[in-house]
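Listed below, chain by chain, are the residues.
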Amino acid sequence: MNLLDKLNLSFNTRLPMYLQTEAAECGLACLAMIAGYYGSESDLGDLRRRLAISLKGVNLQDLMSMADRVGFASRPVRLELDELVRLKTPCILHWDLNHFVVLDEVSGDRVIVHDPAVGVRRLPLPQVSRHFSGIALELTPVGGFEAVRAGPRLSMRSLLGRMVGLKRTLVQLFLLALAVELFSIASPLFLQWVVDHALITADRDLLLTLALGFTLLLLFRVAVLAMRGWMLITIGATMKVQGRSNLFSHLLGLPAGYFEARHLADVMSRFGSQETILQAITTDIIEAVLDGLFVIVTVCIMFVFAPGVTVLVLIGAALYGLLRWSLYVPLRQASLEAIVWSARRDSHFLETLRGIKTIKLFNAQEGRRTHWLNLLVESVNRQLTTQNLRLLFRIANTLLVGILAILVVWLGARRVLAGGMSVGMLLAFITYKDQFLGRISNLIDKLVDLSMLRLHADRLADIALTAPEPRHYAPPIEEQHPPASIELRDVRFRYADNEPWVLNSVSFRVEAGETVAIVGPSGCGKTTLLKILASLLPPTQGDFLVNDIPLSQLGIARWRSMIGVVMQDDQLFSGSLADNICFFAERPDFARIEECARLACVHETIVSMPMGYSTLIGDMGTVLSGGQKQRVLIARALYRQPSLLLLDEATSHLDAENEGAVSAAIRYTQVTRIIVAHRAETIRSTDRVIHLVPGRERTLLLVKTPDAHLPRIAAERSSGY
């Protein structure tokens, strides 16, 4: 939608516009918009924290359930396109068979929808017919609905963390900036005194005195400006380091599920919003306060010189402020859309780089390029909208300043001719007028920009307000941990309230030193179960015990120091092979590195490389084959000398000989092992087999010996655990 369409909309409806930030939350965004229409000040972030949604999205039934929890009565209807006008707006439309939008208004042959993926759109009915599936959902607030007021806004502490010495430094900056402003206020008086006193009386000594005095003031002003600039650079660097360090530490402490629900580029975009806020704190806020003080002082001086002309100048400033206020909402919406579309473009770019080999194998370069160009055009179009609006502001400001300059000179000259003021006073008034208009315009722009910070603060809140994992002391990895026993008691898990149970009433115990294989059909929850055992996912219900101690008492950090894990999607990092095996330990034990490599049957491969254990493996281990990478990952898990070893298809890329050798070597360590596997050789190397059978009432666990033939395991359903 172009700039003209946006301005024509005038945003004269109370329906807010929220853009989705996750691929599967269009339904949640639509619900947030309608809740906002009925008076709730909670935004999309608030609803996201209240309602857990699946990464797979929601269907109409799920959306009705979510609406009921918010306090809406739902009425799903099926209708034809010409019946849209009969709907109670705002309501939700099913769009493109896989999306939801909010219908705002039907006016003649035009329809206004709030699309959480794009923004506000005005579409003709023929274009709507290509998207509308014929299903709508009317929502009516009932007794359970409350016009929730927005919670307290983000504090500076939550956005930036603890900032040492911030208040004292800001006070110093303010005092220095105030001194600069005082010099600026005094400078026009030099022109007046020279014209009205030195020139008229031909007093050369007074002229020299004024020149020397104001030169000294200029030197002081330059010195203070230099000091202020140096302090701004210093405080800016300090705040950037402290603020980013605090936020990055918080980000690393967030649960793994947070990152699984978001695109990498979107997290990076939110993280980058902090820099905009830091810039505003160190510069814009101080400048806005000083501009406000300067404007007040300047207006007072102008009123002393020429009250009537000053009123005219104030009217011109008010007109510019009215223009900025009237176009604030479209500017804010365009700015938000520019941020979101830029994040989507960068996400596509990063995804393309990560999957470049697959893209080439499928000859999909052209399709990826076209998609990226579409995202680029969308983001640039949003940026053009903001740039056009800002250009409009600059043109309007220039026009107002020019008209006021002509009027002030004309009216001031008339007063001089009438004897109401001197020539020096007129020249000083013009100087003050120029300073006033420059400062008031800057103040209005700064206030608008500071109000725009809410966009960045709301995006940053997604990181800053997400609760981190519980923090406990993590002991250093120095000596071998004894084998651990674990037990699950009636553990249930699902990814969202509208999702079926992935694990339902799972209970089993693994004794210390035992080796257990977990098998079952794809999608039955094997990897999810391993993530729960590795503390990456918390159980929705039930208890998880380690050596008969609940995990909540033991602590996540301590438990993670006791386990070694190899997941299906594990990654290696840029660095040497030795670095990856010891996971970049501060004091690596090279003897243990080599021992673990031998246990993983990768030592001979490593020493055959030109640089041995110092060989750099590139980004994400790109120089290694699949089997080599898996053996290095196993060596990395063994380096921790764990109490429990969790392996999720960790030997799927190994041949039978290497897999047998790795299994025998690991068994020799007597560590407790839980293995997710499909290969018969892997399963037969275990003490027993637990077969997961998903069910509606509970997940059935069938316990088998490893000697049982694997096809028979899947067929038997009689015995349970």
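Model, not experiment: these values are computed from the prediction.

Undergrad: Just to check I follow, could you spell out the overall build of the chain for this structure?
TA: Across its full length, the chain carries 25 helices and 16 strands. Looking at the 721 residues of the chain, the share that counts as buried comes to 47%. When the accessible surface of the chain is totalled, it reaches about 35,300 Å², and 60% of it is carbon and sulfur.

Undergrad: What should I look at first to understand the environment of Ile593 in this one?
TA: Turning to its location among the elements, Ile593 is positioned in helix α20 (residues 590-599). As a C-alpha pair, Ile593 and Tyr613 span 20 residues in sequence and 9.1 Å in three-dimensional space. For Ile593, the residues in contact, after removing those within four places along its chain, are Ala578, Ile581, Cys582, Pro588, Tyr613 and Tyr639.

Undergrad: Explanation requested: the pairing of strand β9 (residues 515-519) in the structure shown.
TA: For β9, the tally of buried residues reaches five of five residues, placing the bulk of the element in the interior. Bridging between β9 and strand β14 (residues 672-676) involves four bridges; their strand directions are parallel. Paired with Ala517 across the strands is Ile675, a residue of β14. Where β9 and strand β15 (residues 688-693) come together, four bridges link them in parallel fashion. Bridging across to β15, Ala517 finds its partner in Val689.

Undergrad: Would you mind going over the packing of α20 against helix α22 (residues 626-639) with me for this structure?
TA: Helices that pack against each other are described as a pair by the angle of their axes relative to one another and the distance between those axes. Direction vectors running N to C along α20 and α22 enclose 130 degrees, while the axes themselves pass 8 Å from each other. Put simply, α20 runs oblique to α22. Between α20 and α22 lies a crossing whose hand is right-handed. Note on element contacts: α22 touches α20 through Ala635, Leu638 and Tyr639, opposite Arg592, Ile593, Cys596, Ala597 and Leu599. The residue inventory of the contact of α20 with α22, partitioned by class, reads seven nonpolar, no polar and one charged.

Undergrad: Sorry if this is basic, but what is going on with the sheet that holds strand β8 (residues 503-510) here?
TA: Backbone hydrogen bonds hold the strands of a sheet together, and the pairing may be parallel or antiparallel. The four strands are arranged β8-β7-β10-β11 in an open sheet whose pairing can be described as antiparallel. Taken across any chain shown, the strands that pair with only one partner, and hence form the sheet edges, are β8 and β11 (549-550). When strand β7 (residues 486-493) meets strand β10 (residues 541-546), the two strands line up antiparallel, connected through five bridges. Each residue of the ladder has a partner; that of Ile486, found in β10, is Val546.

Undergrad: Please explain the nonpolar core as it appears in this structure.
TA: As a rule of thumb, soluble globular proteins bury nonpolar side chains together. Ranked by size, the top nonpolar core spans 64 residues in total, and within it Leu31, Phe72, Ile92, Leu139, Phe429, Phe436 and Ile440 carry the most contacts. Examining the composition of this core, we find that 14 residues originate from one element, helix α15 (residues 423-464), more than from any other. A domain-level breakdown of this core finds at least three residues from each of domain 1 (11-141) and domain 2 (156-465). Not counting residues up to four positions away in its chain, the partners in contact with Phe429 are Met302, Phe305, Ala306, Val309, Thr310, Val408 and Met421. Core analysis: the next-biggest nonpolar cluster, separate from the first, contains 38 residues, Leu572, Leu633, Ala637 and Ile666 among them.

Undergrad: Sorry if this is basic, but what is going on with a nonpolar patch on the surface here?
TA: There is a patch of nonpolar side chains on the surface, built from Phe303, Val311, Leu314, Ile315 and Leu319 and spanning about 390 Å² of accessible area. Tallying contributions element by element places helix α11 (residues 307-326) first for the nonpolar patch, with four residues. Looking at the element boundaries, Val311 is found in helix α11. Judged by its relative accessible area of 39%, Val311 falls in the partly exposed class.

Undergrad: What should I look at first to understand the side chain of Glu649 in this one?
TA: For Glu649, the location among the structural elements is in the loop between β13 (644-648) and α23 (656-668). Buried Glu649, no salt bridge; nearest opposite-charge side chain is Lys526, N-O distance 6.4 Å.

Undergrad: Looking at this structure, how should I read the packing of α11 against helix α12 (residues 328-354)?
TA: In contact at an axis separation of 4 Å, α11 and α12 are set at 45 degrees when each is read in the N-to-C sense. Regarding the angle of α11 to α12, the classification is oblique. In this structure, α11 uses Arg324, Trp325 and Ser326 to contact α12, whose residues at the interface are Tyr328, Pro330 and Leu331. The class makeup of the residues in the contact of α11 with α12 is four nonpolar, one polar and one charged.

Undergrad: How do you make sense of the packing of aromatic side chains when you look at a structure like this?
TA: What characterises a pair of aromatic rings is the spacing of the ring centres plus the angle enclosed by the ring planes. Taken as a whole, this structure holds seven aromatic pairs when the rule is applied. Seen from their ring centres, Tyr37 and Tyr38 are 5.1 Å apart, and the 90 degrees between their planes marks the pair as edge-to-face. The exposure class assigned to Tyr37 is buried, which follows from its relative accessible area of 19%. By relative accessible area, Tyr38 is classed as partly exposed at 22%. Ring geometry for Phe493 and Tyr495: centres 4.8 Å apart, planes at 85 degrees, overall edge-to-face. Residue Phe493 is classed as buried on the basis of its relative accessible area, which comes to 5%. Of the residues examined, Tyr495 reaches a relative accessible area of 34% and is grouped as partly exposed. Linked through ring pairs, Tyr37, Tyr38 and Phe72 together constitute an aromatic cluster. When the ring centre of Phe393 is taken as origin, the NZ or CZ atom of Arg324, which lies over that ring, is 3.9 Å away.

Undergrad: It is not clear to me how the pairing of strand β5 (residues 119-124) should be interpreted in this structure. Could you clarify?
TA: Along any regular strand, the residues point their side chains to alternate faces of the sheet. Where strand β4 (residues 110-115) and β5 come together, six bridges link them in antiparallel fashion. Looking at the pairing, Ile112 lines up with Arg122 of β5. Turn length for the β4-β5 hairpin, with the two strands adjacent in sequence and antiparallel, is three residues.

Undergrad: Teacher, can you tell me more about the sheet that holds strand β2 (residues 91-95) here?
TA: The sheet built from six strands is open, its strands ordered β1-β6-β2-β3-β4-β5 with antiparallel pairing. Either end of the sheet is taken by a strand with one partner, and the two such strands are β1 (72-78) and β5. When strand polarity is set aside, the average angle formed by the axes of neighbouring strands in this sheet is 30 degrees. As paired elements, β1 and strand β6 (residues 132-141) share seven bridges and run antiparallel to each other. When the sheet's bridge partners are listed, Ser74 is paired in β6 with Leu139. Along the sheet, helix α4 (residues 60-70) makes contact with β1, β2, β3 (99-107) and β6, crossing β1 at roughly 155 degrees.

Undergrad: Would you explain the pattern of salt bridges in this entry?
TA: Opposite charge on two side chains permits pairing when their charged atoms draw close. All chains considered together, the criterion is met by 19 salt bridges. Arg324 serves as the salt-bridge partner of Asp445, at 2.4 Å between the closest nitrogen and oxygen. Here the residue Asp445 occupies a position in helix α15, and Arg324 occupies one in helix α11, the gap between them amounting to 121 residues. Relative accessible area serves as the criterion here: at 22%, Asp445 is assigned to the partly exposed category. Put simply, Glu594 and Arg598 hold a salt bridge, and the shortest N to O gap is 2.9 Å. Remark: Arg598 and Glu594 occur in helix α20; sequence separation between them is four residues, near one turn of the helix. Classification of Glu594 as partly exposed rests on a relative accessible area of 30%. A single salt-bridge network, built from bridges that share partners, covers Glu487, Arg489, Arg509, Glu511 and Asp548.

Conventions and cut-offs
- Residues numbered from 1 in each chain as written.
- Predicted model: local features only at pLDDT ≥ 70, side-chain atom pairs only at ≥ 80, totals over all residues.
- Heavy atoms only, no water.
- Helix = DSSP H or I, 4+ residues; strand = E, 2+ residues; numbered from the N terminus.
- Buried < 20%, exposed > 50% of the residue type's maximum accessible area, 1.4 Å probe, protein only.
- Areas by Shrake-Rupley, 256 points an atom, 1.4 Å probe, with all protein chains shown as cover.
- Contact = heavy atoms within 4.5 Å.
- Pairing = 2+ DSSP bridges.
- Axes fitted to C-alpha atoms, helices over the stretch in contact; angles between N-to-C directions.
- Parallel < 35°, antiparallel > 145°, perpendicular 65-115°, else oblique.
- Left-handed = near helix turned anticlockwise from the far one by under 90°.
- Nonpolar A, V, L, I, M, F, W, Y, C, P; charged D, E, K, R; others polar.
- Core = buried A, V, L, I, M, F, W, Y, C linked by side-chain atoms within 4.5 Å.
- Domains from an automatic or database assignment.
- Patch = residues over 30% accessible without salt bridge, like charges linked within 9 Å, V, L, I, M, F, W, Y side chains within 5 Å.
- Salt bridge = Lys/Arg side-chain N within 4 Å of Asp/Glu carboxyl O.
- Lys, Arg positive; Asp, Glu negative; His and termini not counted.
- Phe/Tyr/Trp six-rings, centres within 6.5 Å; stacked < 30°, edge-to-face > 60°.
- Lys NZ or Arg CZ within 6 Å of the ring centre and 35° of its normal.

Read these as geometric descriptors, not functional statements.
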